[in-house]
Amino acid sequence: MVIDVHVHTFPDDMAARALEKLVAKADRAIAPVADGTVAGLLDQMRAHAVDYAVVCPIATRPAQFDGILAEALALRDGERGGEAARHLIPFASVHPADEARFAHLQQVAERGIRGIKIHPYYQPCVLDAPDMLEYFRCCRDLGLIVQCHCGFDIGFPFDPVCNPERIARVLHDVPGLRLIAAHLGGWRQWEESLDHLVGKGLYLDTSILAMNATEEAPQRVLREHPADRLLFATDWPWLSFRDGIDFVRSARLGANNERAVLGGNAAHLLGISVPAPW
Ligand SMILES: [Zn+2]
């Protein structure tokens, strides 16, 4: 079973424009591998035998909470088609500056959504600030998984708001939080990830950009972090499933570990027992 714990989709009528904006913001250093729609995602999942994908929305303003939650429920409950309902696992998004953030986190949990996405560049916050620690304690107490962007973001000037050192502090101060640190703990901060995160009890997702696949530091994180705490991810549409799977395989972790990283660990975390039929 293959499970990708980090993909993005955009509404059909906005996807082309949204992707173009993100490419321009990154000075054209990235190119999407697909159109960014739910249908495009499902097509490529089927083609590459990816059974499930966690869809990670990002509320860039507090007021987007309701719309994002409604869309997550629509995906889950079949309003976007049976395939989407069977193969996609939508997360929600609660902006850290939302005055109703604790009530909204509770609403997410009560509606049966399994986690939330945090992106400190798009939702300005400092990951280990006292108010964020409260936010994460609330997530932990509600049983919500937190999927967090970590390290640089190619679309922004560097700001160490979500660097590996801060993530380590969150782990220390909020024991029991089920945290997925994206991009192997810190995109283009893999040396720091090795120093502060590798070997600790958090999950690292394996999403990188194609240009990073043969770099030494991300390879080291992949090989040195416990295999039961690595989760396959692509950040689709920014990396193809083929390249993402090849990157995991390039670490030569052995057949059992590779199976765990590609899907077994995520199945356990998300409570999935069998692949869904196409
Ligand atoms: Zn992402």
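That block above? That's the structure.
In every chain, residue numbers begin from 1 and rise along the written sequence. Whole-chain, interface and lining totals are the exception, using all residues; otherwise, since this is a predicted model, local features are given only for residues with pLDDT of at least 70 and side-chain atom pairs are given and counted only at 80 or more.

Peer 1: Quick question: what am I supposed to make of the nonpolar core here?
Peer 2: When a protein is soluble and globular, its nonpolar side chains tend to lie buried together. In this structure, A53, V146, I180, A181 and F232 are the most contacted members of the largest nonpolar core, which totals 81 residues. For this core, the element with the most residues is helix α3 (residues 65-76), which contributes five residues. A set of buried Ala, Val, Leu, Ile, Met, Phe, Trp, Tyr and Cys residues, joined to one another through C-beta atoms within 7 Å, is what we call a nonpolar core. Put plainly, a residue is buried at 20 or more neighbouring C-beta atoms within 10 Å of its own, exposed at 12 or fewer, and partly exposed in between, counting only other residues' C-beta atoms, which are placed from the backbone. Helix and strand definitions follow DSSP, with helices as H or I runs of at least four residues and strands as E runs of at least two, each counted in order from the N terminus.

Peer 1: Sorry if this is basic, but what is going on with the packing of helix α5 (residues 101-110) against helix α6 (residues 130-142) here?
Peer 2: The relative placement of two packed helices comes down to the angle between their axes together with the axis-to-axis distance. Axes, fitted as lines to C-alpha atoms, cover a helix only where it is in contact. Angles between the N-to-C directions of the axes lie from 0 to 180 degrees. Following both chains from N to C, one finds α5 and α6 inclined at 25°, their axes separated by 10 Å at the closest point. Of the possible angle classes, the one that applies to α5 and α6 is roughly parallel. Every pair of crossing elements has a handedness; the one defined by α5 and α6 is right-handed. Judged by residue contacts, R101, F102, L105, Q106 and A109 of α5 engage Y135, C138, C139 and L142 from α6. When its residues are assigned to classes, the contact of α5 with α6 shows seven nonpolar, one polar and one charged. Throughout, the term roughly parallel applies to angles under 35 degrees, roughly antiparallel to angles over 145, roughly perpendicular to angles from 65 to 115, and oblique to all others. Rotating anticlockwise by less than a right angle from the far helix to the near helix defines a left-handed crossing, while the corresponding clockwise rotation defines a right-handed one. In this description, a residue-residue contact is defined by the distance between C-beta atoms placed from the backbone, which must lie within 7 Å. Residue polarity follows a fixed list, in which Ala, Val, Leu, Ile, Met, Phe, Trp, Tyr, Cys and Pro are nonpolar, Asp, Glu, Lys and Arg are charged, and the others, Gly among them, are polar.

Peer 1: Is there a simple way to explain the environment of Q106 in this structure?
Peer 2: For Q106, the position within the fold is in helix α5. Given 16 C-beta atoms within a 10 Å radius, Q106 is considered partly exposed. On a C-alpha basis, the gap between Q106 and L142 in space is 6.8 Å, while along the polypeptide they are 36 residues apart.

Peer 1: Would you explain the pairing of strand β5 (residues 145-148) in this entry?
Peer 2: Moving residue by residue along a regular strand, the side chains alternate between the two faces of the sheet. Side chains I145 and Q147 of β5 all project onto a buried face; the interleaved residues V146 and C148 project onto the opposite face, where all are buried too. Summarising the sheet, strand β4 (residues 115-118) and β5 pair through four bridges and their orientation is parallel. Bridge pairing in β5 places K117 opposite Q147. Regarding topology, α6 serves as the crossover connection from β4 to the parallel β5, and that connection is right-handed. Note on pairing: DSSP must find at least two bridges between two strands before they are called paired. For the handedness criterion, the strands are oriented away from the viewer, and a crossover whose path from the first strand over the helix to the second runs clockwise is classed as right-handed.

Peer 1: Help me understand the sheet that holds strand β3 (residues 88-90) in this model?
Peer 2: Whether parallel or antiparallel, the strands of a sheet pair through hydrogen bonds between backbone atoms. Strand order in this open sheet of three strands is β1-β2-β3, and the pairing throughout is parallel. The open sheet terminates on both sides in strands that have one partner only, identified here as β1 (3-7) and β3. Taken pair by pair, the neighbouring strands of this sheet meet at an average axis angle of 20°, ignoring direction. In this structure, strand β2 (residues 52-55) lies alongside β3, joined through three bridges in parallel fashion. Opposite V54, over in β3, you have I89 as the bridge partner.

Peer 1: Please explain the packing of helix α10 (residues 241-250) against helix α11 (residues 255-270) as it appears in this structure.
Peer 2: Packing of α10 against α11 leaves a shortest axis separation of 10 Å and a crossing angle of 145°. α11 is crossed by α10, and the crossing has right-handed handedness. In this structure, α10 uses I245, V248 and R249 to contact α11, whose residues at the interface are E258, V261 and L262. Class assignment for the residues of the contact of α10 with α11 results in four nonpolar, no polar and two charged.

Peer 1: Can you help me understand α10 in this one?
Peer 2: Note: α-helices contain 3.6 residues per turn, so residues at a spacing of three or four share the same orientation. Along α10, the residues that are buried comprise F241, G244, I245, F247 and V248. Each buried residue of α10 sits inside an arc of 155° when the element is viewed along its axis, so together they form one side. Facing away from the buried surface of α10 by more than 90 degrees, the exposed residues are D246 and R249. If you follow the buried residues of α10, they end up packed against α2 (38-47) and α11. Of the residues flanking the end of α10, it is R252, one or two places downstream, whose phi is positive at about 50°. Directions from the helix axis toward the C-beta atoms define the arc.

Peer 1: What is the right way to look at unusual backbone geometry in this model?
Peer 2: It is generally the case that most residues other than glycine have a negative phi and that most peptide bonds are trans. A cis amide bond links W236 with the next residue in sequence, P237, at an omega value of 10°. Looking at the element boundaries, P237 is found in the loop between β8 (230-231) and α10. In the Ramachandran plot, R188 falls in the positive-phi region, its phi being about 55° despite a non-glycine side chain. Looking at the element boundaries, R188 is found in the loop between β6 (179-181) and α8 (190-196). Given 19 C-beta atoms within 10 Å, R188 falls into the partly exposed group. For R252, which is not glycine, the phi torsion reads 50° and is therefore positive.

Peer 1: Teacher, can you tell me more about helix α7 (residues 164-173) here?
Peer 2: All of the buried residues along α7 are P164, R166, I167, A168, V170 and L171. Close packing links the buried residues of α7 with α6, β6 and α8.

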